[in-house]
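Structural features, examined
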Amino acid sequence: MSAAASNSTTFGQLPPSRWPGERLGLPNEGTRSVGRVGRRIGALALDWALAYGAAALFFSMSGVVNGFAVTAIFVGLQIVFIPTIGGSIGHRLVGLRVVPLQPGWVGLWRPVVRSLLLGLAVPALVWDSDQRGFHDKVAGTVLIRF
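The notes below deal with the structure included here. Model, not experiment: these values are computed from the prediction.

Further remarks concern the packing of aromatic side chains. Taken as a whole and assessed by the stated rule, the structure comprises one aromatic pair. An angle of 5° between the planes, with centres 4.2 Å apart, marks the rings of W48 and F74 as stacked. Placement of the pair is W48 in helix α2 (residues 37–59) and F74 in helix α3 (residues 67–85), with a sequence separation of 26 residues. For F74, a relative accessible area of 1% corresponds to the buried category. One Lys or Arg, R40, reaches over the ring of W127 and ends 5.3 Å from the middle of that ring.

On to the pattern of salt bridges. One pass over the full model with this rule turns up four salt bridges. Here R18 and E22 are joined by a salt bridge, their closest N and O atoms 2.7 Å apart. Taking the relative accessible area as the measure of exposure, R18 reaches 68% and is therefore exposed. Judged by relative accessible area, E22 falls into the partly exposed class, the value being 22%.

The next thing to look at is the environment of V106. The residue V106 is located in the loop between β1 (96–100) and α5 (109–119) in this model. Taking the relative accessible area as the measure of exposure, V106 reaches 4% and is therefore buried. Distance from V106 to I82, taken between C-alpha atoms, is 7.9 Å for residues 24 residues apart in sequence.

Moving on to α2. Across its 23 residues, α2 extends 31 Å between first and last C-alpha, which sits within 8% of the 33 Å expected from 1.5 Å per residue. Among the residues making up α2, those that are buried are R40, A43, D47, A51 and A55. Against α3, α4 (89–93), β1, α7 (134–139) and β2 (141–145) lie the buried residues of α2.

Before going further, it helps to spend a moment on the pairing of β1. Among the five residues in β1, four count as buried, and that is most of the element. Pairing of β1 with β2, which is carried by five bridges, proceeds in the antiparallel orientation. Bridge pairing links L96 to R145 in β2.

This part is about unusual backbone geometry. Residue R32 is not a glycine yet carries a positive backbone phi of 70°. Summarising the element assignment, R32 is placed in the loop between α1 (3–9) and α2. Its relative accessible area of 43% is what places R32 among the partly exposed residues. With a phi angle near 55°, Q131 is a residue other than glycine that sits in the positive phi range.

Definitions and cut-offs
Residues numbered from 1 in each chain as written. Predicted model: local features only at pLDDT ≥ 70, side-chain atom pairs only at ≥ 80, totals over all residues. Heavy atoms only, no water. Phe/Tyr/Trp six-rings, centres within 6.5 Å; stacked < 30°, edge-to-face > 60°. Helix = DSSP H or I, 4+ residues; strand = E, 2+ residues; numbered from the N terminus. Buried < 20%, exposed > 50% of the residue type's maximum accessible area, 1.4 Å probe, protein only. Lys NZ or Arg CZ within 6 Å of the ring centre and 35° of its normal. Salt bridge = Lys/Arg side-chain N within 4 Å of Asp/Glu carboxyl O. Expected span 1.5 Å × (residues − 1). Contact = heavy atoms within 4.5 Å. Pairing = 2+ DSSP bridges.

Set out below in structure tokens:
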């Protein structure tokens, strides 16, 4: 096998994208481009705030909010809203949407896998040059602008 052929098939040797989403066939900017860091952080902050508020309302004891309840609510909201409205509440408020790499509906298993990994936080901190976190790579999804 030639060096060029091996570079195109070996993950660790792929050249970086010139812009996030290039290797996925997505535009550099505008509609359907990969959601950038600012929007992602905004969406994440909104979703965690909603989860924290719900946990404070239903699961706080003596003014102390249960961290496990916050995480469980956060993951649950992701699992419910990604297949129903195309993203979490935070995603939708900042103009983002979770879509599968293959055309069609995101399905049920992708949001479950993606959300459980996101709840661990570490996979979301590991990105490739297309700005897809490990949780998106495993689930076969990408977060785009709409």
